[in-house]
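Below, each chain spelled out in residue letters.
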Amino acid sequence: MQQVTILGCRVDVIGTDEAVAKIVELATGDRPALVVTLGTEMAVYARRDPRFREIVNASALSLCDTVGIKYAARLHGAAVRERVAGVDIIDPLCAAFAERSVPIYLLGGKGDTALRAAAVLQARYPGLVVAGARDGYFPPAEETKVSAAVASSGARVVFVGLGSPRQEIFLAGHLAETGCSVGIGVGGSFDVLAGNVERAPAIWQRLNLEWLYRLVREPKRWRRQLALPRFVWLALRERATSPSTRRYS
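Note that the coordinates shown come from a computational prediction; the quantities given were computed from them, not determined experimentally.

Further remarks concern the nonpolar core. Counting 37 residues, the largest nonpolar core has Ile6, Leu38, Ile69, Leu107, Val158 and Phe231 as the members making the most contacts within it. Residue contributions to this core peak at four residues, all from helix α2 (residues 40-48). Counting residues in each nonpolar core, the second largest holds 36 residues, with Ala33, Leu63, Ala117 and Val182 among its members.

Structure below.
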């Protein structure tokens, strides 16, 4: 498998089909595996936060979530063909888990969002076992309690939508406690599944303008989008000084 380093963060050059197959394999293992869906904001954050950068680089898989990461990887000569975003990988994963009776847990969102997202997934994939679901509004002091609840559910895979970096930090510290073989950070994916947020039309996605569509629909996101021009500048500067594509086993 090829990997590339973007602003100090490892990105695995892997497509959706291969990522799904790898995660399904990890789900049957006996060692907890963290899967990161790396976006541009996360890479910029990791550049100034060594702890978060270490979490990303120690993950079992670090997937290309955004178009910014995809093109930055290409600058380094990595043949990244597609994004493997959290919101996109949930469906094929749940299809595979339904076939194999792998129980999942949805953790995140507000109110009953996770429960409604779970109902949508079960309707799409008959046989999918949802061991549990709950919101993400709990203080750090209750993280151990929440992890124990996931463990008691019998889930093998936990999808965590707490937003970054909280979801990755939570998984790095508590995945083993949940008893799950795989923990995946999926950001706001539950909101999309539950219908709280409208996803960009396919044409915007194909043109790599999903970020712009969300900004138009949610102008309050403008502060978050400031990370994009900074990412572009940092990625171009990095490429000018350090080629970083290599292979590993």
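Before going further, it helps to spend a moment on the packing of α2 against helix α3 (residues 50-58). A pair of packed helices can be characterised by two numbers: the angle between their axes and the separation between those axes. Two elements in contact, α2 and α3, have axes whose closest approach is 6 Å; the angle formed by their N-to-C orientations is 125 degrees. The pairing of α2 with α3 is recorded here as oblique in orientation. Contacts between α2 and α3 involve Met42, Tyr45, Ala46, Arg47 and Arg48 on the former and, on the latter, Pro50, Phe52 and Arg53. Among the residues forming the contact of α2 with α3, the class breakdown is five nonpolar, no polar and three charged.

Here we come to unusual backbone geometry. The omega torsion of the bond from Ser164 to Pro165 falls at 10 degrees, within 30 degrees of zero and hence cis. Looking at where Pro165 falls in the secondary structure, it is placed in the loop between β7 (157-161) and α8 (166-178). Backbone geometry places Leu7, a non-glycine residue, at a positive phi of 50 degrees. Mapped onto the elements, Leu7 comes out in the loop between β1 (2-6) and β2 (9-13). Of note in this structure, Ser101 is not a glycine but carries a positive phi near 55 degrees. Relative to the elements of secondary structure, Ser101 occurs in the loop between α5 (86-100) and β5 (104-108).

Take the packing of helix α7 (residues 143-153) against α8 next. Where α7 contacts α8, the axes come no closer than 9 Å and their chain directions differ by 55 degrees. In terms of orientation, α7 lies oblique with respect to α8. Crossing hand, α7 versus α8: right-handed. Residues Glu143, Thr144, Ser147, Val150 and Ala151 of α7 form the contact with α8, whose participating residues are Arg166, Phe170, His174, Glu177 and Thr178. Residues that form the contact of α7 with α8 fall into these classes: three nonpolar, four polar and three charged.

Two side chains bearing opposite charge may form a pair once their charged atoms approach each other closely. Enumeration over the complete set of coordinates arrives at five salt bridges. Put simply, Arg124 and Asp91 hold a salt bridge, and the shortest N to O gap is 2.8 Å. One end of the pair, Arg124, is in helix α6 (residues 113-124); the other, Asp91, is in helix α5, with 33 residues separating them in the sequence. Glu99 serves as the salt-bridge partner of Arg100, at 3.6 Å between the closest nitrogen and oxygen. Arg100 sits in the partly exposed class, given a relative accessible area of 46%.

This brings us to the packing of aromatic side chains. This model, assessed by the stated rule, comprises two aromatic pairs. Centre to centre, the rings of Tyr45 and Phe52 are 5.4 Å apart; their planes meet at 75 degrees, and the pair counts as edge-to-face. For Tyr45, a relative accessible area of 25% translates into the label partly exposed. Aromatic side chains Phe138 and Phe170 sit 6.1 Å apart centroid to centroid with 65 degrees between the ring planes, which places their arrangement in the edge-to-face category.

Below, the discussion takes up α6. With twelve residues, α6 should reach 16 Å at 1.5 Å per residue; the first-to-last C-alpha distance of 17 Å fits that figure. Here the buried face of α6 lies against α5, β5, β6 (130-134) and α9 (189-194).

As a further point, take the sheet that holds strand β3 (residues 33-38). A sheet is described by the order of its strands in space; here six strands give the open sequence β4-β3-β8-β7-β5-β6, paired in parallel fashion. If you trace the sheet from one side to the other, it starts and ends with β4 (61-64) and β6, each paired once. Taking each pair of neighbouring strands and ignoring which way they run, the sheet shows an average axis angle of 15 degrees. As judged from the four bridges shared by β5 and β6, these two strands associate in the parallel manner. Residue pairing across strands places Tyr105 opposite Gly132, the latter belonging to β6.

Here we come to the confidence of the model for the protein chain. When pLDDT is averaged along the protein chain, the result is 87; 82% of the residues meet or exceed 70. Counting contacts from residues 244-249, a segment whose pLDDT is below 50, to residues more than four positions away or on other chains yields 19 contacts.

About the cut-offs
Residues numbered from 1 in each chain as written. Predicted model: local features only at pLDDT ≥ 70, side-chain atom pairs only at ≥ 80, totals over all residues. Heavy atoms only, no water. Core = buried A, V, L, I, M, F, W, Y, C linked by side-chain atoms within 4.5 Å. Buried < 20%, exposed > 50% of the residue type's maximum accessible area, 1.4 Å probe, protein only. Helix = DSSP H or I, 4+ residues; strand = E, 2+ residues; numbered from the N terminus. Axes fitted to C-alpha atoms, helices over the stretch in contact; angles between N-to-C directions. Parallel < 35°, antiparallel > 145°, perpendicular 65-115°, else oblique. Contact = heavy atoms within 4.5 Å. Nonpolar A, V, L, I, M, F, W, Y, C, P; charged D, E, K, R; others polar. Left-handed = near helix turned anticlockwise from the far one by under 90°. Salt bridge = Lys/Arg side-chain N within 4 Å of Asp/Glu carboxyl O. Phe/Tyr/Trp six-rings, centres within 6.5 Å; stacked < 30°, edge-to-face > 60°. Expected span 1.5 Å × (residues − 1). Pairing = 2+ DSSP bridges. pLDDT = per-residue confidence, 0-100.

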